[in-house]
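Structural characterization, general
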Amino acid sequence: MTRKLEKFVDQLPAINTIKPLEVKNKRAFYEIKMEEFTQKLHRDLEPTRLWGYNRQFPGPMFDVNKGEPIDVKWMNNLPGKHLLPLDESIIHHDPEVRTVTHLHGSETRSDSDGYPEAWFTKDFKQVGPFFKREIYHYPNRQRAATLWYHDHAMGITRLNVYAGLVGMYIIRDQEERRLKLPTGDYEIPLIITDRSFNEDGSLFYPSQPNNPSRNLPNPSIVPFFLGDTILVNGKVWPYMEVEPKKYRFRVLNASNTRGYQLYLDSGQSFYQIGTDGGLLPRTVKLDKLVMEPAERADLIIDFSKYEGKSIILKNDLGSNPDPNDETFDVMQFRVTKTLTKEDTSKIPKRLSTIPSLKTGMVAGYRNLKLIESNDPLGRPMPLLNNKKWEDPVTEKPRLGTTEIWSFINTMPFTHPIHIHLIQFQILDRRPFDLDFYNKTGQIRYTGPARPPEPNERGLKDTVAAPAGEVTRVIVRFGPYSGQYVWHCHILEHEDHDMMRPFIVRE
Ligand code: C2O
Ligand code: CU
Ligand code: CU
């Protein structure tokens, strides 16, 4: 699709921090408009028509302190027609352009969580059945973490996000400040996405699956989407000039389907200090890092021994056999800047304390199967526990109680499972015989349970549930009651019924 785009010719864009419109009684109030605009994504591409928050892709970054709540008015100022091929044969609400913003990873009341059916149109003229309020409230009571916001509108999240509706949201706290991590110019967000382009520079998103053997509508949803071009902070394969010192990178995989396994072609290790829900208990030294959609990784890379060198951030996951596939490169670091002052930042060994949920009482266990099925048109439609979005709510944990959820993945590929409202802990993963399961419907374990990887031993809101494994997480439901969602974060799955409501009961 995309013509060959030269790599590492554009500088990595810095992402600006949004300022509040006003601060009243110590409560900051922000306004964000979703609009259509064009932005240059590569030196040799015509400006691309996008949808973004405040005319930016990615949107502006929120940078807030723990304990300081904020209010945000998310406004839809988009045109009446969708930018991308819209399939009306899956769960569909009218009108076609509808938005609702979700702050992923946040502990937020349900009326500000961005429930998919709480969508709204331009000037709030029309709203979905779950719409409650125009101004969203974020308490920011949770520990320091890298969160992100993105669109979550019913049935079209994949398209709205692909069009550009994503941004980062950072919460800071004292605990983290005391660690003397690299900061200021040395703390950099990296928002990784994949896209494909048409010749004229416009976004390409398929209007039908590759070989539509059956009589499918046009447009028709695709079962997954992998772009052939990698962007970081809204630039195609950018480069960044760095000093020979330590940098902190807050990495987010904001791609629709694509997972990455990141490494540096210099062969050097790097350090992971945080995950979805904030700091890890201790620093983890890594050579490779897997990131499924929606996962965040807080990294430190030390460039001090690489003066004058160029280092490529590479990816060796999901590259398809296509010889034209170029997605093994992500971006380039050039250690060409002179050291402005001595590097006094630290890579601490111990970072934080995370009380284990395992020591408490467990009020409930749920076996939740990830099952392949087909929709009425015969298209693949992976489901959660064989239930569709519109089936009655089945998961109703009680406020303040702890449950263990087992994601039993009976499909041949990984699904990143996300639960709203809470940060959970991963207990373990255990392989079972997939063939035997497919014949008998029974789980026969083929090995012992594995504890989570060292870099998963913090708080998580999204977990990779690999094929043929039972992935167990332990969750304490709170601090709010209400109706939320849990789902696969492959957006093509989420939009096609791999999403379920849940209710935290009083
Ligand atoms: Cu990142 Cu339900 O979303
Ligand atoms: Cu979320
Ligand atoms: Cu999935």
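Up top is the structure.
All values derive from a computational prediction rather than experimental measurement.

Of the regular secondary structure elements, the protein holds four helices and 31 strands. Taking 506 residues into account, the globule formula puts the C-alpha radius of gyration at 23 Å, and the protein, at 22 Å, falls close to it. Across the 506 residues in the protein, those meeting the buried criterion constitute 60%. Taking contacts inside the protein between residues at least 6 apart in sequence as the whole, the part at least 24 apart equals 77%. As displayed, the protein has an accessible area near 20,300 Å², and 48% of this comes from carbon and sulfur atoms. Distance between charge centres in the protein, computed from 68 positive and 66 negative side chains, equals 6 Å.

Turning to the coordination of the copper ion (ligand 3), a few remarks are in order. Octahedral metals with six donors have ideal donor angles of 90 or 180 degrees. Tetrahedral metals with four donors have an ideal donor angle of 109.5 degrees. The protein atoms that coordinate the copper ion (ligand 3) are His415 (ND1), Cys488 (SG) and His493 (ND1), at distances spanning 2.0 to 2.1 Å. If you list the donors of the copper ion (ligand 3) from N- to C-terminus, the spacing comes out as H-x72-C-x4-H. Placement of His415 in strand β26 (residues 415-419) and of Cys488 in strand β30 (residues 482-488) is noted, with a sequence separation of 73 residues between them. Given the relative accessible area of 0%, His415 is considered buried. Exposure remark for Cys488: the relative accessible area of 0% places this residue in the buried category.

Within the open sheet, the five strands sit side by side as β14-β22-β21-β16-β19. Their pairing is mixed. Strand pairing shows two members of the sheet lacking a second neighbour, β14 (239-241) and β19 (289-291), which therefore form its edges. In this sheet, adjacent strand axes meet at a mean angle of 20° when their direction is disregarded. Bridging between strand β16 (residues 260-264) and strand β21 (residues 310-315) involves three bridges; their strand directions are antiparallel.

So, about the pattern of salt bridges. Taken as a whole, this structure holds 35 salt bridges when the rule is applied. For Glu6, the salt bridge is made with Arg43, and the minimal N-O distance between the two is 3.1 Å. Here Glu6, found in the segment before β1 (22-24), pairs with Arg43, found in the loop between β2 (27-39) and β3 (48-53); they are 37 residues apart in sequence, far enough to count as distant. Here Glu6 falls in the partly exposed class, since its relative accessible area comes to 46%. Overall, Arg43 belongs to the partly exposed group, its relative accessible area being 41%. With its nearest N and O atoms 2.7 Å apart, the salt bridge here joins Glu187 to Arg250. With Glu187 in strand β10 (residues 187-197) and Arg250 in strand β15 (residues 246-253), this pair connects stretches of sequence that are 63 residues apart. Each of the two residues, Glu187 as well as Arg250, counts as buried. Overlapping salt bridges, with partners in common, bring together Asp63, Arg172, Glu176, Glu187, Arg248, Arg250 and Asp298 in one network.

To continue, consider the coordination of the copper ion (ligand 2). Only His102 (NE2) and His418 (NE2) from the protein reach the copper ion (ligand 2) as donors, at distances of 1.9 Å. Linking His102 in strand β6 (residues 101-104) with His418 in strand β26, this pair joins segments that are 316 residues apart in sequence. Under the relative-accessibility criterion, His102 is labelled buried at 1%.

Here the focus is the layout of surface pockets. Remark: the empty space left among the atoms is shown by a probe the size of a water molecule rolled over them. Reported here for the second largest pocket is a volume of approximately 450 Å³. Along the wall of the second largest pocket there are 25 residues; nearest its centre are Ala14, Asp185, Glu187, Ile188 and Met240. Among the elements that take part in the lining of the second largest pocket, β10 stands out by supplying three residues, more than any other. Looking at side-chain class alone, the lining of the second largest pocket contains 11 nonpolar, six polar and eight charged residues.

Moving on to the nonpolar core. If you look at the biggest cluster of nonpolar residues, it comprises 108 residues, and the most contacted ones within it are Phe62, Trp74, Tyr169, Phe249 and Phe333. With residues near it in sequence (within four places) discarded, Trp74 still touches Ile32, Met34, Tyr53, Phe62, Thr101, Phe120, Phe124, Glu134, Tyr136, Tyr138 and Tyr149. Core analysis: the second largest hydrophobic core is formed by 25 residues, Phe407, Met411, Trp486 and Cys488 among them.

Turning next to the pairing of β15. Of all eight residues in β15, eight are buried; the element is thus mostly enclosed. Every second residue of β15 is oriented toward a common face, with Lys246, Arg248, Arg250 and Leu252 on one face and Tyr247, Phe249, Val251 and Asn253 on the other, all of them buried. Strand direction decides the pairing type here: β10 and β15, joined by six bridges, are parallel. Of the residues in β15, the one forming a bridge with Ile188 is Phe249.

Basis of the calculations
Along every chain, residues carry numbers that run from 1 in the direction the sequence is written. Whichever chain is written first becomes A and whichever ligand is written first becomes 1, with later ones labelled in order. It should be noted that, the model being predicted, local features are given only for residues of pLDDT at least 70 and side-chain atom pairs only at 80 or more, the latter also being counted only at that level, while totals for whole chains, interfaces and linings use all residues. Values reported for side chains reflect all heavy atoms of the structure, with hydrogen atoms and water molecules removed beforehand. Secondary structure elements are defined from DSSP: runs of H or I of at least 4 residues count as helices, runs of E of at least 2 residues count as strands, and each element is numbered from the N terminus. In this setup the radius of gyration rests on C-alpha atoms only. A globule is expected at 2.2 Å times the number of residues raised to 0.38. Exposure is judged per residue with a 1.4 Å probe applied to protein chains only, and the accessible area is read against the type maximum: over 50% gives exposed, under 20% gives buried, and values in between give partly exposed. Contact between two residues is taken to exist if any of their heavy atoms lie within 4.5 Å; hydrogens are not considered. All accessible areas in this document rest on Shrake-Rupley with a 1.4 Å probe, and a residue is counted as covered only by the protein chains that are shown. Two residue types count as positive, namely Lys and Arg, and two as negative, namely Asp and Glu; His and chain ends fall outside the count. Positions of charges follow a simple convention, taking NZ of Lys, CZ of Arg, CG of Asp or CD of Glu. In this description, a donor is an N, O or S atom within 2.8 Å of the metal centre, a cutoff extended to 3.2 Å for sodium, potassium and calcium. Water is not part of the atom list, which can make sites seem incomplete. Whether two strands pair depends on DSSP finding at least two bridges between them. Whenever a helix is involved, its axis is fitted only over the stretch in contact; in every case the axis is a line through C-alpha atoms, and angles between N-to-C directions fall within 0 to 180 degrees. By definition, a salt bridge exists where a carboxyl oxygen of Asp or Glu is found within 4 Å of a side-chain nitrogen of Lys or Arg. Buriedness of a pocket was judged along seven lines, with at least five required to meet protein on both sides within 12 Å; pockets are open sets of points on a 1 Å grid over the protein atoms alone, cavities are sets where a 1.4 Å probe fits but cannot get out, and lining residues have an atom within 4 Å of a point. Grid points are joined across faces, edges and corners, and a volume is the space filled by probe spheres set on the points. Throughout this entry, Asp, Glu, Lys and Arg are counted as charged residues, while Ala, Val, Leu, Ile, Met, Phe, Trp, Tyr, Cys and Pro are counted as nonpolar. The remaining residues, Gly among them, count as polar. We define a nonpolar core as any set of buried Ala, Val, Leu, Ile, Met, Phe, Trp, Tyr and Cys residues linked to one another through side-chain atoms lying within 4.5 Å.

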